[in-house]
Amino acid sequence: MPIPRNSRDDCNRIGFQVYLYSQKAVYKNKEIYYTRTQSPYIYIASGSGKKNAFWSGDTEIQGLKINVSGNKLTWSYTVVCHSGFHKGDKTPVSGEFTLDTTAPSITTGNYTSGWSRDNITVDFDDEESGFKGYNLQNNVYSLTNAKSCSIEQDGKYTIIASDNVGNTATKDVWIDKTSPTINSIECTSTEWTNKDVSVTVKASDNLSLIESVSITSNIETPSVKIENGCYVAVFTKEGEHTVSVVAYDKAGNPSKEEKRYIKIDKSGPVIFKTNYTIDPETNWSNTNNKISVSAEDHLSDVDNSTLKIVKENVGVYGSNIIDSDGIYNIEVADMVGNYTSSKIYLDRTNPTIDSIECSSTEWTNEDVSVTVKASDNLSLIREVKIKSNVQTP
């Protein structure tokens, strides 16, 4: 309860002069003052010459005894009357009360601290002097003695709970049920590109502020960095991305999901060479079939205007059908400038044996060496096989 600050004369109306008091208790309609600073202290002076409401004539209080054990305060004294009808009477007075030095309890269920997006039920209790009331200091609620309340509106609240001797407890409760806002989303490209794409998001929240922003796609979940107050994610993987953006405030409220679409192609087209079979050891082909050249790109598509076939030592080949010997360089790009190159090595012309020399062509009792000189103008000589009906050296 509120601490009384009575004047000295008020105290003297029952024969007391009281110093250093800070609390009051009532015992049989008598006000007893005590202090909670250090040990309780009551100083009672003579009531001589004073009249009081309980005894007629001059009175004196003698033998004041105060005892504190734990949170129990007991007192006793004797009222001695010096004049009047009750002159000589001695009336013993005693009493006790419990000192309440414990603040009331404030419990908030699962809520502990920080921001919440749920309603918060607050319960109050005081097991000693009893719960008196609470106040929510945000100009929404005033003092009330209800032992519970539900806080359901957005805002920062300071709860002050009081017991019947003036002990108070406080608890801060913060509620934010409002979703944050995505203010803008900017992409460095929304068309096909062969570069990384940065997505920059601005988001805001008027209460608990922004905790994080999720920027993901169906292909990739990049890390999100904060740059100049914005949230930035860089997408690097190929494909057609559907980018999803959701902002979260510190209370856990999500914003409405926003989507953007980006397209990344970092790979060149694939070159196909139909009817082209090669010797895996030399990469040369001697196929007699016509070789057809084409290209495909599964992302941004092929830029067919870039397909170029150049025959070495000849120049640009004007067709994508190759049917003559030679070395061909093939190059093609996709629609974002990724290039791919390949070669065709075609040699359908037989090599030439230029000369054969034998160390002897007559009967001899010595070994005979056979020396062969061969040439090829394209794929060059791979090997020369020399054997006889008798021996394969």
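About the criteria used
- Residues numbered from 1 in each chain as written.
- Predicted model: local features only at pLDDT ≥ 70, side-chain atom pairs only at ≥ 80, totals over all residues.
- Heavy atoms only, no water.
- Helix = DSSP H or I, 4+ residues; strand = E, 2+ residues; numbered from the N terminus.
- Buried < 20%, exposed > 50% of the residue type's maximum accessible area, 1.4 Å probe, protein only.
- Areas by Shrake-Rupley, 256 points an atom, 1.4 Å probe, with all protein chains shown as cover.
- 1 Å grid on protein atoms, 1.4 Å probe; cavity = no way out; pocket = protein on both sides within 12 Å on 5 of 7 lines; lining within 4 Å.
- Points joined across faces, edges and corners; volume = space filled by probe spheres on them.
- Nonpolar A, V, L, I, M, F, W, Y, C, P; charged D, E, K, R; others polar.

### Topic: the overall build of the chain
Helix and strand counts for the chain stand at one helix and 29 strands. Evaluated residue by residue, the chain yields a buried proportion of 35% over its 393 residues. Here the chain displays about 23700 Å² of accessible surface, and carbon together with sulfur accounts for 45% of that area.

### Some remarks on the layout of surface pockets
Taken as a whole, the largest pocket encloses approximately 580 Å³ of empty space. Lining the largest pocket are 23 residues, and of these Pro351, Asp376, Ser379, Leu380 and Arg382 sit closest to its centre. Counted by class, the lining of the largest pocket contains eight nonpolar, eight polar and seven charged residues. Approximately 340 Å³ is the volume attributed to the second largest pocket. Per-class residue counts for the lining of the second largest pocket are five nonpolar, three polar and two charged.

### Overview of unusual backbone geometry
What you tend to see is this: most non-glycine residues have negative phi, and most peptide bonds are trans. For Asn283, which is not glycine, the phi torsion reads 70° and is therefore positive. Considering the arrangement of structural elements, one finds Asn283 in the loop between strand E21 (270-274) and strand E22 (291-296). Of note, the phi angle at Leu380 is positive, near 70°, even though the residue is not glycine. Counting through the fold element by element, Leu380 comes out in the segment after strand E29 (370-375).

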